[in-house]
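The residues making up each chain are set out below.
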Amino acid sequence: MAHRRFEFDMPASAEVVFDAFHFHHWRLKWDSLVRGTRVQGGAPCPFAGAVTESEGRGLLPLLSMTTRFVSFDRPNVAAATMVGRSFPFIRWAASMQHRRAGPDRSWLIYTYTFDVGPTSIQWLLEPIVVRMFDWQTRRRFARLQAYIQRHREEIEQWQREQR
C-alpha cells in the first residue's frame, strides 16, 4: 500500500484554493490530470456523498476514475474514495485539508493512499505508480498555485457574486 502526504503553500485564502479545486468550471482551467469531470446529478461541485466521474488528461487519457466524497466541509477538508476500480488502482483514497497561513495565504495538505494491481505484479507496479503519482501530484498542485497567483481576484469576485 502506498501512502503519502504533501504540503503546498498556496497564494490565497483557503476559500479561494478550495473553490479553485472543487468547482469544476475553475478546475478544468488548470488541472493537468483531468480532461473532464462531473458530479452525478449535475451539481457544480462535489458534496458529502456525491459521486464524481473524471477523465484523464495529457499522458493519462485512459485513466478515468469514479469517486465518492466521504467528507466535504468547505473550506476545511474534502475527502474521497474510489468507487470500483481504475487500472492500475484497485483501491484509492485522498483528502485535502486547507489551513489558514495569513490573510492571503493558506496551506493545502494533500494525503493519498492506494493499492495497485493486479496483486501478482504489485511488487513491480507499485514503485512505478508511486513515482509517477508523486510527480504528477507535485506538478498538478504547482499548476494550481500558478493559476491562483494569476486569477485569485477573478475567483474572489466570482465568490462574492455567489453570495
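Residues numbered from 1 in each chain as written. Predicted model: local features only at pLDDT ≥ 70, side-chain atom pairs only at ≥ 80, totals over all residues. Heavy atoms only, no water.

Chemist: How would you explain the layout of surface pockets if you had to name every residue and give the values?
Modeler: Its boundaries defined by the atoms lining it, the largest pocket holds a volume of some 730 Å³. Leu33, Leu63, Met65, Trp92 and Phe133 are, among the 37 residues lining the largest pocket, the residues nearest its centre. At the level of elements, helix H1 (14-22), helix H2 (24-30), strand S2 (34-39), strand S3 (51-56), strand S4 (64-73), strand S5 (77-82), strand S6 (89-102) and helix H3 (122-162) are the ones that each hand at least two residues to the lining of the largest pocket. If one sorts the elements of the lining of the largest pocket by residue count, H3 sits on top with seven residues. Residues that form the lining of the largest pocket fall into these classes: 24 nonpolar, 10 polar and three charged. (1 Å grid on protein atoms, 1.4 Å probe; cavity = no way out; pocket = protein on both sides within 12 Å on 5 of 7 lines; lining within 4 Å. Points joined across faces, edges and corners; volume = space filled by probe spheres on them. Helix = DSSP H or I, 4+ residues; strand = E, 2+ residues; numbered from the N terminus. Nonpolar A, V, L, I, M, F, W, Y, C, P; charged D, E, K, R; others polar.)

Chemist: Any chance you could break down H3 for me, citing the residues and the numbers?
Modeler: For H3, which comprises 41 residues, the first-to-last C-alpha distance of 46 Å sits more than 12% below the rise-based estimate of 60 Å (1.5 Å per residue). Maximal helix bending in H3 amounts to about 75 degrees, located at His151. (Expected span 1.5 Å × (residues − 1). Bend = angle between axes of the 7 residues up to and from the residue.)

Chemist: I'd love a proper account of the pattern of salt bridges, names of residues and values included.
Modeler: Enumeration according to the criterion identifies 11 salt bridges in this entry. Taken together, the shared-partner salt bridges in this structure form one network comprising Arg27, Asp31 and Arg140. (Salt bridge = Lys/Arg side-chain N within 4 Å of Asp/Glu carboxyl O.)

Chemist: Mind laying out the sheet that holds S4, listing which residues take part and the relevant values?
Modeler: Strand order in the open sheet made by the seven strands is S1-S7-S6-S5-S4-S3-S2, with antiparallel pairing throughout. Lying at the two open borders of the sheet, with one neighbouring strand each, are strand S1 (2-10) and S2. Sheet twist, expressed as the mean angle between neighbouring strand axes with direction ignored, is 20 degrees. Sheet topology places S6 next to strand S7 (residues 105-116); 12 bridges connect them, and they run antiparallel. Counted as the bridge partner of Ser95 is Thr111 from S7. Along the sheet, H1 contacts S1, S4, S5, S6 and S7; its crossing angle with S6, the most-contacted strand, is approximately 150 degrees. (Pairing = 2+ DSSP bridges. Axes fitted to C-alpha atoms, helices over the stretch in contact; angles between N-to-C directions. Contact = heavy atoms within 4.5 Å.)

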